[in-house]
Structures are given as structure tokens and as C-alpha cells.
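Coordinate inspection notes
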Amino acid sequence: MKFLKIQNYNTLMKSIVLLLLCVVHVNAQVTLPSKQDGFWYKNRIANTKSIVIEAFFDPLCPDSRDSWPPLKLALQHYGSRLSLVVHPFPLPYHDNAFISSRAMHISNQLNTSATYRLLESFFDHQV
Ligand SMILES: *[C@@H]1O[C@H](CO)[C@@H](O)[C@H](O)[C@H]1NC(C)=O
């Protein structure tokens, strides 16, 4: 096992410092958010008896807009057996998508009932 021999004290110290830097770097990346991201539809928070749908919507995306009416019908049909959480997902190639997603966060902070009305008005007024 000649290759595992440490040549001198300096090499050992360099190895330890390098190892510690790697550990510190990994720890810095593992920070969990303090609360779950997303907006619950009609405050129907998931429970053990409901199915959860997580949707990643860009308020200015035509595909997100088109998927909303059938999803809303399913929510009405299945009632409390279905929970929906929408995560704002602004795409970089949609102008103002980030700002509109921030507006949804602000709206949700002020009045959680208004968040989905705002999302629907973004969908209704897309160009
Ligand atoms: C919250 O939003 C809902 C839906 O837009 C509205 O009916 C209600 O009056 C608002 N509540 C407050 C306190 O502004």
C-alpha cells in the first residue's frame, strides 16, 4: 500500500484543509426553506385522504393558461379529495414572468384568497 503513505506533515495538513473546505461547502448548500413553497388552492391543505397535485405555473405562459380550466374542473369535481398547490415558475423567455410571480407572492402575503384570482386575471389578460 505504498500509494497511501503520506510523504510529510505538510501534505497531511493540506489534505485535511481541503477535506474541511469540501465539507463546509456541502453544508452551505443544504439549507431547507423555513416553509413550503407554493399556494394552496382554497386552503385545501393536503391530508392523508387527499390526492395532491403540484403545478408549476408561469402566469404569462400560454400552456399554463390552457391547463388551468381542465385542472379547475377536476378540482370542482373531486372536491376535498383533491388538493392543489401551485408553485410560481417564471420562465426566462416570458417578459415580466418574474414580476408577475412576485406579485402572486405579495398577494398571497396580503390575502391568500386573492392569489388565485390574481393568477386567473394574469391568464385572462395574456397577449
Ligand atoms: C381577500 O380576497 C377575497 C377574494 O378576492 C375578497 O373577497 C376578500 O374581501 C379579501 N379580504 C380582505 C380582508 O381584503
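A few points on the structure. Remember, predicted model here, so these are calculated numbers, not experimental data. (Residues numbered from 1 in each chain as written. Predicted model: local features only at pLDDT ≥ 70, side-chain atom pairs only at ≥ 80, totals over all residues.)

It is worth spelling out the pairing of strand S3 (residues 82-88) at this point. In terms of strand pairing, strand S1 (residues 39-40) meets S3 through two bridges, oriented antiparallel. Its bridge partner lying in S3, Trp40 is registered against Val85. Between the parallel elements strand S2 (residues 51-57) and S3, the chain passes through helix H2 (residues 62-78) in a crossover that is right-handed. (Pairing = 2+ DSSP bridges. Helix = DSSP H or I, 4+ residues; strand = E, 2+ residues; numbered from the N terminus. Right-handed = clockwise from strand over helix to strand, strands pointing away.)

Reading across the sheet, the three strands line up as S1-S3-S2 and stay open at both edges, with mixed pairing between neighbours. Because the sheet does not close on itself, it has two edges, and the strands there are S1 and S2. Contacting S2 and S3, H2 runs over the sheet at an angle of about 155° to S3. (Contact = placed C-beta atoms within 7 Å. Axes fitted to C-alpha atoms, helices over the stretch in contact; angles between N-to-C directions.)

Lining the immediate environment of the ligand, one finds Asn111, Ser113, Ala114 and Arg117. A per-class count over the shell around the ligand returns one nonpolar, two polar and one charged. (Near = placed C-beta within 6 Å. Nonpolar A, V, L, I, M, F, W, Y, C, P; charged D, E, K, R; others polar.)

What follows is about the packing of helix H3 (residues 97-110) against helix H4 (residues 115-124). Remark: H3 packs on H4, axes separated minimally by 8 Å, with the N-to-C direction vectors making an angle of 155°. By the angle class used here, H3 and H4 are roughly antiparallel. You can see that H3 and H4 cross each other, and the crossing is right-handed. Across from Ser100, Ala103, Met104, Ser107 and Asn108 in H3, the residues of H4 making contact are Thr115, Leu118, Leu119 and Phe122. Class assignment of the residues belonging to the contact of H3 with H4 gives a composition of five nonpolar, four polar and no charged. (Parallel < 35°, antiparallel > 145°, perpendicular 65-115°, else oblique. Left-handed = near helix turned anticlockwise from the far one by under 90°.)

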